[in-house]
Each structure stands twice: as C-alpha cells, then as structure tokens.
Amino acid sequence: MRIIVPIKQVPETNAVKMDEKTGTMIREDVEAIVNPLDLYAIEIAIRVRQQEGGEVVGVSMGPPKAESALKEAIAMGIDSGVLVSDKAFAGSDTWSTSYVLSAAIRRMGRFDLIICGERATDGDTGQVGPGIAGLLDLPAATYVSRIDKISNGYCRVHRLVEDGYEVLDVELPAVLTVVKEVAEPRLPTLRGKQKARKTNIEVLSAGDLDVDAARLGLNGSPTRVVKIFRPKVARECRMLEAGDEAAIEKAAEQVVEFLRERELI
Amino acid sequence: MAKDQYKGVWILAEQNAGRVQRVSFELLTRGRALAEKLRRSLTAVIFGFSIPEQELQGLIDRGADEVLAVEAAQLAHFQVEPYARCMLGLLSEHKPEIVIAAATSMGRTLMPYVAVKAHAGLTADCTELDIEKDTNNLLQTRPAIGGNILATIKTPEHRPQMATVRPHSTRAAEPQQGRKGVIRRIRAPQDALGSRTKRVDFVANRAEHGLQDADLVVTVGRGIKKGENISLIRALADSLDAAVGATRDVVDRGWLSYPHQVGLSGKTITPKLYMGVGVSGSIQHLAGMQTSENIIAINIDPDAQIFRVAEIGIVGDLFEVVPVLTEKIRQATNKRQR
C-alpha cells in the first residue's frame, strides 16, 4: 500500500487578516498548524499502513514554512513528505490548487490511495480533494467515516450522507476524503519528532511539474475575490429585562404572546 | 474562452428514490432570481432512473422553464464518475453560463469533480447569489475564515460559473398552478455509465435529519454550564414541540452530540422559530441560524452578540427564566388543545 496524504498548513486562530486588494489571506505573523481535519486523514493512513504494510507520503502545497506541517505529520508517523512550493503558486484558488497538487502527485510515482481531510479550516471549501480526483481521473468517495476493509484492489468504506451512510466498494487507486469519525488522531511521539528532524523534505517547484504556467497562482485561477466584508445584522431587538421574579413572569408572558401572534404555538 | 456562447441558468436538482429533494426547490428560488435578472431561461438538471412525471413537473411548477432528466439504472444513486461524465456531456452540449448545486454530500462532491475537468470556477457553500451589473457575472457570497467575514467571489472569464449553495439558506420555491415548461428525458449515453465505485448498502439514520426539518428549534449554548442541565432545555423544547440544537461549545463538551450542532461547522437552519438559551452568538454560530424567521434569545449578558439578530431578547438568568417560560408555554398550548 502506498498512500498519499495531501496536507495543508493553516493559520492557528480565526483571527486572520485579509489583503483588501487581492482578497487573499495574509499568512505572515499567524502561528501555522496542520489543518486539524487533515489529522484524521493522517491517522487513518497510518492505520491502513500498519495493517497492510507500505508507506504513507504527505504532500503539501504552500510557502517554504509549510515544511513544518509535513514534519509534524512525520512526527505522527507518516514516512516522508513532499513540499510543493513556488512563488508562482501564490493566490491559487481551489481549481489551481487541485491542478498543482494533482501534477505533483503524478510525479510522486504509483500509489493506491490518496486520503484527504474533509476540508481545510481556513478556506473551508472541501473542493480540493474531489478536484484532485477529477484531474487524476480517479474514483472518489467523500465524507468517509470508516474504512471497513481493503482487499483485492478494492476498499469498502462508509460514506456519510444526509440521511445515513452508504457502504461503497471503491476500486483502487482512489481518492478518499475522510471525516472526524474515521479515527481519533494520535499525538506526535518523541521518537517521531526525532525522526521528523532528521527527515529531509523533498521540494518541488513549478519547474519540476508538468504544468501550464498560465494556470498557476492568482492569475491562473478562474475565481476572483471581489470584496470582503463583515456580515451586516439588521434586526431590532426588543429587550426584556428579567432581573426579578415579577420581571421574569412578565417577560415569559410577552414571549408567549409573541409566539401566539406569529402562530408558532 | 468565448463567454457569450454560454447562456442560461442551470440548477442541479437531487432525487432520492425518484422523489425530488426539497433542497432542489431552494435552488429554484435562487435560480429563478438569477434567470430573471439575466433574462435567461432556467433549467433544472436531474439524474436518476424512472423519475415519475409529476416529480419533474414539480420542478416546472416551482420555477424551471426546462427540465433535463438524465436517466439510467446506473444513475439511480449518486456515483461520482457516471454523474460527472453525464454532466460534462451536458455542459459541453448546452453551454449554460451558470450552474448551481446544493452544498450537499452530492453537490460538494460532484461539482468540484466536474469543475476541474471543465476548467470552470467554482465557489463553495454560498449564502447569497447575485448578478453584477454591466458584466452579468455571477456574484457569489460565502462566509470565509471561520465565518468571521463574508467574501464575494466571481469568475470573470471562465464559463460556466459554478457554485454550491448552502442548504436551508433560502426558502423553497412554492408550486404555481399552470406554469408551463418543457420536460426532456434523456437516456444517459452507455459509455458514460461505468463506475469504479459501487454502492453495496445503505443504512438510514433518521435522528440526524430532524434538526434541519424542524419548524421550531430551541438551541442551547455554554450558558447551560453542565450536561445534566440540558434537561431544562429539553423540557422547554417539549413544551413547544421543538427540536433541540446546540452550539459548538456544547457539542465539544459532549453535552449533546454532533448532529445537534448549529453553525458554520454544523448545520445551517432556517426554522420558523429559533430560541437561543445561554447562547452568546459567535459569528460562526450566527452564520448557521441568522436567517431563521423569528429569533428569541435568552442570555444573562445584555451585550451578547445573539441579541443583534434577535427580535426578542430576555436579559436574565436562564436557570430562573426557562422553568417559568416552559410552564407558561405549557399552559398556553394546553389551552389551545382543549
């Protein structure tokens, strides 16, 4: 089993600033972490390897410092990491990101599974996993909550949908995107950290990939951020003080009255 | 790319066992508004097998001018490869300028899979759609960075312009008597139907469904302080016959399970009544409930953000207010039943 796990480095907090001009995120000066939802992909990949043998390779597209995300994944137990990094990739939307990552994965040799987190907590789109599958022309199972078994070139998975879950047989190689239920991520071990320190992260730049320069980065992205703004809230709230018993009684009556007026009870 | 070759607005309807899903009617509300602004026709595309005629007519009744029903036994259930091939075939044949789908387990899988192959721009999880004056570009607005801000995104050059739309972020279109439209049933091309995924079973989970379909929802926040205090909220919800929702804080503490979670990281709900108890109103929570029809909030902090979206705000200790309110509602509803 050779498993590839795409990993994104994301800002630690939600207090992220935006570049008002380009509408992209300013990533400097914010502590960067492994996308929390990628940890589930890393975990299940390690478990599959423990059962089936083979190796797990992380791949991350991002600035040079995204190397530390791959190192953290190695500290958790994956075998190696590839960083896809080039100034030309800056400002990529999900189309362009899927394009670059799929080109990088093509360069990384044969594999049986690509396991992605459901989405990244910063962009919050969940589009890159299925996008990679589309560009590599692979079958995909999204929202996977369980990998039941792997045998004879298939894996059987549970896929969460709105009203329950589907049991799918998926021919390998394939792309899976996994949700939290799939496995509880482990913490990095001391030995893992030592290994991560010693492991060299391979770096691929645009020149190493079979990509069209016109399709990279902000200029190669089909979508553009037009503006960013704070949500406006336009409701007038009738405030009812409920400080003592009498006030509580009165407030409750007013609520009941309101519910009646609106035919809610 | 010759943009002006692309005309018309498409929505991707969803069916389950031949029944068109409610979320498709929400898309018709969105699609109709866009089609009117552009003065183009609105097409509903649906994949399935032997979909009853009245179901397809229902899409016309609710605003579609045309229905393209692509059918084959292999399309009865969503599988990404055959659905994507059929969709790509339709896109290159008909060249719509806009394609919107619901941000469901299907839409969020199929749309990116198709968009990368079509070299189309795709925006996830939109809560507002509009048309830009002069350019006629689709303006796609979505919460970004944990819901702290909204971003408006467009696809200036590539076509079609694709977007997924958050379920329950708008009303479902109502049927209008006597609306006319064209229903075309298309047999899916045989060479599009191969699939390397196979659905071997399905296990239903009804409990997960309740919250988004509920007309009335009582949502509990961290103000409840302890898991065992949730019984107070359940009693209040029972008095209203309401479903119980929770903030992320409450779910993270294990006081209620994830299916109850309302907000950007949980469910978006638009019930007739949202009652928030001990809910502070983080932006990520507001993103999941602020389009509710009527909002009542109970919180001890008069500056709680939840009051900014509420119509009635009770400033008080929920442990004192909720029992009284529950009793009053019980009395009121019993009277009505007699």
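Residues numbered from 1 in each chain as written. Chains lettered and ligands numbered in written order. Predicted model: local features only at pLDDT ≥ 70, side-chain atom pairs only at ≥ 80, totals over all residues.

**Some thoughts on the environment of B:A204**
Line of reasoning, step 1. Mapped onto the fold, B:A204 is located in strand β13 (residues 197-204).
Line of reasoning, step 2. On the basis of neighbour count, B:A204 is assigned to the exposed category, with 11 C-beta atoms found within 10 Å.
Line of reasoning, step 3. Contacts of B:A204, omitting those with residues within four sequence positions, involve A:D163 and A:G164. (Helix = DSSP H or I, 4+ residues; strand = E, 2+ residues; numbered from the N terminus. Buried ≥ 20, exposed ≤ 12 C-beta atoms within 10 Å, placed from the backbone. Contact = placed C-beta atoms within 7 Å.)

**Observations regarding the packing of helix α4 (residues 128-136) of chain A against helix α4 (residues 107-118) of chain B**
Line of reasoning, step 1. Packing of α4(A) against α4(B) brings their axes to within 7 Å, and their N-to-C directions diverge by 45°. Put simply, α4(A) runs oblique to α4(B). The interaxial crossing formed by α4(A) with α4(B) has right-handed handedness. Contacts between α4(A) and α4(B) involve A:P130, A:G131, A:A133, A:G134 and A:L135 on the former and, on the latter, B:T109, B:P112, B:Y113, B:V114, B:V116 and B:K117.
Line of reasoning, step 2. Of the residues in the contact of α4(A) with α4(B), the class split is seven nonpolar, three polar and one charged. (Axes fitted to C-alpha atoms, helices over the stretch in contact; angles between N-to-C directions. Parallel < 35°, antiparallel > 145°, perpendicular 65-115°, else oblique. Left-handed = near helix turned anticlockwise from the far one by under 90°. Nonpolar A, V, L, I, M, F, W, Y, C, P; charged D, E, K, R; others polar.)

**Focus on the domain arrangement of chain A**
Think of interface size as the accessible area that goes away when the parts come together; that is how it is often given.
Line of reasoning, step 1. Entries for chain A in the domain assignment read domain 1 (2-220) and domain 2 (235-265).
Line of reasoning, step 2. Here domain 1 of chain A and domain 2 of chain A have C-alpha centroids that lie 50 Å from each other. (Domains from an automatic or database assignment.)

**Structural notes on the sheet that holds strand β9 (residues 140-151) of chain A**
Line of reasoning, step 1. If you walk across this open sheet you meet the ten strands as β13(A)-β7(A)-β6(A)-β1(A)-β8(A)-β12(A)-β9(A)-β10(A)-β11(A)-β13(B), and the pairing is mixed. Whereas interior strands pair on both sides, the edge strands pair on one side only; in this sheet they are β13 (202-204) of chain A together with β13 of chain B. Within this sheet the neighbouring strands show an average axis-to-axis angle of 30°, counted without direction.
Line of reasoning, step 2. Sheet topology places strand β10 (residues 154-161) of chain A next to strand β11 (residues 164-171) of chain A; eight bridges connect them, and they run antiparallel. Paired with A:C155 across the strands is A:V170, a residue of β11(A). (Pairing = 2+ DSSP bridges.)

**Remarks on the domain arrangement of chain B**
Residues and elements named next belong to chain B.
Line of reasoning, step 1. By domain assignment, chain B separates into domain 1 (3-192) and domain 2 (206-337).
Line of reasoning, step 2. Relative to domain 2, the C-alpha centre of domain 1 lies at a distance of 33 Å.
Line of reasoning, step 3. Tallied by class, the residues present in the side of domain 1 that touches domain 2 amount to two nonpolar, five polar and one charged.

**Some points on the environment of B:Q54**
Line of reasoning, step 1. You can see B:Q54 is positioned in helix α2 (residues 53-61).
Line of reasoning, step 2. For the pair B:Q54 and B:L38, spaced 16 residues apart in the sequence, the C-alpha separation amounts to 28 Å.

**Details of unusual backbone geometry**
Line of reasoning, step 1. The amide bond that connects A:L172 to the next residue, A:P173, takes the cis arrangement and shows omega of 0°.
Line of reasoning, step 2. Along the chain, A:P173 falls in the loop between β11 and β12 (174-178).
Line of reasoning, step 3. Between B:R159 and the following residue, B:P160, the backbone shows a cis peptide bond with an omega angle of -5°.
Line of reasoning, step 4. On the secondary structure map, B:P160 appears in the loop between β10 (149-154) and β11 (161-165).
Line of reasoning, step 5. We note that B:S50 has phi near 50°; this positive angle belongs to a residue other than glycine.

**Looking at the sheet that holds strand β4 (residues 42-48) of chain B**
Residues and elements named next belong to chain B.
Line of reasoning, step 1. The strand order across the open sheet built from seven strands is β7-β11-β6-β1-β4-β5-β12, with neighbouring strands paired in parallel fashion. The open sheet terminates on both sides in strands that have one partner only, identified here as β7 (121-126) and β12 (182-187). When the angles between neighbouring strand axes are averaged without regard to direction, this sheet yields 20°.
Line of reasoning, step 2. In the sheet, strand β6 (residues 98-102) pairs with β11 via five bridges, with the strands oriented parallel. Its bridge partner being in β11, I100 is matched across the sheet by A163.
Line of reasoning, step 3. Running over the sheet, α2 touches β4, β5 (66-71) and β12 and is turned about 150° from β5.

**Some details on the interface of chain B and chain A**
Line of reasoning, step 1. Of the residues lining the interface, 68 residues belong to chain B; the matching set on chain A comes to 63 residues.
Line of reasoning, step 2. A per-element tally of the side of chain B that touches chain A places helix α9 (residues 318-337) of chain B first, with nine residues.
Line of reasoning, step 3. Along the lines of polarity and charge, the residues of the side of chain B that touches chain A split into 37 nonpolar, 17 polar and 14 charged.
Line of reasoning, step 4. The pairing of strand β15 (residues 238-242) of chain A with strand β18 (residues 312-316) of chain B spans five bridges and is parallel. Residue pairing across strands places A:E241 opposite B:V315, the latter belonging to β18(B).

**Details of the pairing of strand β17 (residues 294-299) of chain B**
Residues and elements named next belong to chain B.
Line of reasoning, step 1. Burial within β17 is extensive, with five of its six residues counted as buried.
Line of reasoning, step 2. Pairing analysis gives five bridges linking strand β16 (residues 273-277) to β17, with the strands arranged parallel. Paired with V277 across the two strands is I298, which belongs to β17.
Line of reasoning, step 3. Note that β17 and β18 share four bridges and pair parallel. Paired with I298 across the strands is I314, a residue of β18.

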